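# Structural characterization, general
The lines below spell out each chain.
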Amino acid sequence: MAALATSTTVEIETGSRAGKPRLTLVHGLPVRVPAPGRSVGKGRLRPPTRRRPVGAPHVVAAPDCGPRRAPMSLLVVLGLAALVAALVYGVGALANSVAVQSEVPSTTTVVRVAAGESLSDVAAKMAPDSDTTAVVERIRELNGLDDATVRPGQPLTVPVSR
């Protein structure tokens, strides 16, 4: 009730008075009051808890960041996707080549080459679960062979899987 006793109403002097808002001084500050017949909170007026003194500066917070960046173009996105796909494929191929090297058994034994048998046949027979070409290369390394020709009855040191 004390706030009502200290308020003063001042009518706006511009235009027609019918339907126009009035200014009311509350605690010495001008406050916009709805026109007669209009309720508070409808239309463009603020609810009573959000009244702002007339003439108060409209404060907008300054942005904390710089200007907005433009979005990436479709061509850049597709290029990055192709680069990622190539990297994944390359890592997979590298892992596959390393895995082939480790698939050759480390234990060895000495065998004699049978008539009509090649290094591929010996590799497939002695290490059936391993890659045949990797086993043939390992047999050539172990025996110091320059090519893949072997003689019947020739002893060879070969990797063996158990």
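Reading guide: rules and limits
Residues numbered from 1 in each chain as written. Predicted model: local features only at pLDDT ≥ 70, side-chain atom pairs only at ≥ 80, totals over all residues. Heavy atoms only, no water. Helix = DSSP H or I, 4+ residues; strand = E, 2+ residues; numbered from the N terminus. Buried < 20%, exposed > 50% of the residue type's maximum accessible area, 1.4 Å probe, protein only. Contact = heavy atoms within 4.5 Å. Areas by Shrake-Rupley, 256 points an atom, 1.4 Å probe, with all protein chains shown as cover. Arc of directions from axis to C-beta. Salt bridge = Lys/Arg side-chain N within 4 Å of Asp/Glu carboxyl O. Core = buried A, V, L, I, M, F, W, Y, C linked by side-chain atoms within 4.5 Å. Expected span 1.5 Å × (residues − 1). Axes fitted to C-alpha atoms, helices over the stretch in contact; angles between N-to-C directions. Parallel < 35°, antiparallel > 145°, perpendicular 65-115°, else oblique. Nonpolar A, V, L, I, M, F, W, Y, C, P; charged D, E, K, R; others polar. pLDDT = per-residue confidence, 0-100.

### Overview of the overall build of the protein
A tally of regular secondary structure across the protein gives four helices and five strands. Counting helices and strands in the order they occur from the N terminus, the protein gives α-β-β-β-α-β-α-α-β. With 162 residues in all, the protein has 17% of them scored as buried. Counted over contacts in the protein with a minimum sequence separation of 6, partners at least 24 positions apart contribute 44%. Accessible surface, the protein as shown: approximately 12,400 Å² in total, 60% of it carbon and sulfur.

### Points about helix H3 (residues 119-126)
Along H3, the positions that sit buried rather than exposed are Leu 119, Val 122, Ala 123 and Met 126. Relative to the axis of H3, the buried residues are bounded by an arc of 100° and lie together on one face.

### Overview of the pattern of salt bridges
Summed over the entire model, instances satisfying the criterion amount to three salt bridges. Lys 125 is the partner of Glu 117 in a salt bridge, and the nearest nitrogen-oxygen pair spans 3.1 Å. A residue is classified by how much of its surface remains accessible, and Glu 117, at 17% relative accessible area, is buried. Under the relative-accessibility criterion, Lys 125 is labelled exposed at 53%.

### A word on the nonpolar core
Leu 119, Ile 139, Leu 156 and Val 158 are the most contacted members of the largest nonpolar core, which has 17 residues in total. Beyond its immediate sequence surroundings of up to four residues, Val 158 is in contact with Thr 107, Thr 108, Thr 109, Val 111, Val 122, Met 126 and Ile 139.

### Digging into helix H4 (residues 132-143)
Compared with the 16 Å implied by 1.5 Å per residue over 12 residues, the 16 Å span of H4 between its first and last C-alpha is a close match. Buried within H4 we find Ala 134, Val 135, Val 136 and Ile 139. At the exit of H4 stands Gly 144, carrying a positive phi of roughly 65°.

### Topic: the environment of Pro 152
Residue position: Pro 152 is located in the loop between H4 and strand S5 (155-159). A relative accessible area of 59% means that Pro 152 is categorised as exposed. Along the backbone, Pro 152 and Val 113 are 39 residues apart, and their C-alpha atoms lie at a distance of 5.1 Å. Excluding residues that lie within four positions of it along the chain, Pro 152 makes contacts with Val 113, Ala 114 and Ala 115.

### Looking at the environment of Leu 156
Mapped onto the elements, Leu 156 comes out in strand S5. Aside from chain neighbours lying at most four places away, what touches Leu 156 is Thr 109, Val 110, Val 111, Val 113, Leu 119, Ile 139, Asn 143, Leu 145 and Val 150.

### Observations regarding the packing of H3 against H4
Running from N to C, H3 and H4 cross one another at 110°; their axes reach a closest spacing of 9 Å. Between H3 and H4, the angle is such that the two are roughly perpendicular. Between H3, through Leu 119, Ser 120, Val 122, Ala 123 and Ala 124, and H4, the contact on the second element is made entirely by Thr 132, Val 135, Val 136, Ile 139 and Arg 140. Along the lines of polarity and charge, the residues of the contact of H3 with H4 split into seven nonpolar, two polar and one charged.

### Observations regarding the confidence of the model for the protein
Fine structural detail should not be taken from predicted coordinates in areas where pLDDT scores are low. Of all residues in the protein, 66% attain a pLDDT of 70 or more, and the chain-wide mean is 76. Low pLDDT, under 50, characterises residues 1-7; the stretch is placed with six contacts to residues that sit more than four places away or in other chains. Low confidence marks residues 10-16, where pLDDT is under 50. Its contacts with residues over four positions away, or in another chain, come to six contacts.

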